[in-house]
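Understanding the architecture of this molecule
Here's the letter readout for the chains.
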Amino acid sequence: MLTPFSAPFFATPTACPVAPDHPAQPAPPDGLSCSMTLPASARSAGIARQAVRAALHAYALDPLEATAVQAASELMGSAWRMDPYGELYLSLRHRDDALRLIVYDGHPAHAQPRLAALCEARRRATLRVFAALVRDHGGEWGVGPSREPGGGTRTWATLPLRVRTA
Ligand SMILES: [Zn+2]
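What counts, and where the lines are drawn
- Residues numbered from 1 in each chain as written.
- Predicted model: local features only at pLDDT ≥ 70, side-chain atom pairs only at ≥ 80, totals over all residues.
- Helix = DSSP H or I, 4+ residues; strand = E, 2+ residues; numbered from the N terminus.
- Buried ≥ 20, exposed ≤ 12 C-beta atoms within 10 Å, placed from the backbone.
- Contact = placed C-beta atoms within 7 Å.
- Pairing = 2+ DSSP bridges.
- Axes fitted to C-alpha atoms, helices over the stretch in contact; angles between N-to-C directions.
- Parallel < 35°, antiparallel > 145°, perpendicular 65-115°, else oblique.
- Left-handed = near helix turned anticlockwise from the far one by under 90°.
- Nonpolar A, V, L, I, M, F, W, Y, C, P; charged D, E, K, R; others polar.

On to the overall build of the protein chain, then. Helix and strand counts for the protein chain come out as five helices and five strands. Ordering the α and β elements of the protein chain from the N terminus gives α-β-α-α-β-β-α-α-β-β. For the protein chain, the residues scored as buried account for 28% of the 166 residues in total. The long-range share in the protein chain, meaning contacts at least 24 apart out of those at least 6 apart in sequence, stands at 67%.

Attention now goes to the sheet that holds strand β2 (residues 87–95). The five strands lie next to each other as β1-β2-β3-β5-β4, forming an open sheet whose pairing is antiparallel. Only two strands of the sheet have a single partner each, and these edge strands are β1 (33–39) and β4 (140–145). Along the sheet, successive strands turn relative to each other by an average axial angle of 15°, direction set aside. The pairing of β4 with strand β5 (residues 153–160) spans six bridges and is classified as antiparallel. Within the sheet, the bridge partner assigned to glutamate 140 lies in β5 and is threonine 158. On the sheet, helix α2 (residues 44–58) packs against β1 and β2 and is oriented at approximately 165° with respect to β1.

Turning next to the environment of aspartate 97. Tracing the backbone shows aspartate 97 in the loop between β2 and β3 (98–105). On the basis of neighbour counts, which here come to 10 C-beta atoms within 10 Å, the residue aspartate 97 falls in the exposed class. Remark: the alpha-carbon pair of aspartate 97 and leucine 61, spanning 36 residues in sequence, is separated by 10.0 Å. For aspartate 97, the residues in contact, after removing those within four places along its chain, are Pro160, Leu161 and Arg162.

All right, on to the packing of α2 against helix α3 (residues 65–82) then. Look at α2 against α3: their axes get within 9 Å of each other, and the N-to-C directions meet at 150°. Between α2 and α3, the angle falls in the class roughly antiparallel. In the crossing of α2 with α3, the sense of the turn from one axis to the other is right-handed. Along the contact surface, α2 presents Ser44, Ala45, Ala48, Arg49, Val52, Arg53 and Leu56, while α3 presents Glu65, Ala68, Val69, Ala72, Ser73, Met76, Gly77 and Trp80. Grouping the amino acids of the contact of α2 with α3 by side-chain chemistry returns nine nonpolar, three polar and three charged.

Look at aspartate 96: it is not a glycine, yet its phi comes out positive at around 50°. The residue aspartate 96 is located in the loop between β2 and β3 in this model. You can call aspartate 96 exposed: it has 9 C-beta atoms within 10 Å. Despite not being glycine, aspartate 97 has its phi angle at roughly 60°, a positive value.

Listed below in structure tokens is the structure:
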């Protein structure tokens, strides 16, 4: 019987690839690269926590989960306090045995030095828990102007997969 769904119809896919039914597990950790834009809102930290947890689990990076989930949450909370009406952008990437978390917010750099110093002190106060968390994990963090076209501020942390022992 001739039907539009006969085998030859599907036999030679060309420009329309289909994912296999059973992808290889687990995914290699270095494949993790994920980002999202969230509204500046008290709820966004919770969404970020869930997303980071799910992404780390999918890439077999569970040992980083507790630190990374809380760090992402603290970063989002800080960014929301500094830019309560804009959009926040979260990026999560694993490379070279370390997880890199970055949050961008729209808070601009200040040209007036005294205002810039006050603003930086205010931001660092919102990052106290985050800073302690990253330090205890043996990671690094920083804050600076965003290099994105819209400006704003970029706050980041690098968390090594293997926790350093003294
Ligand atoms: Zn400011």
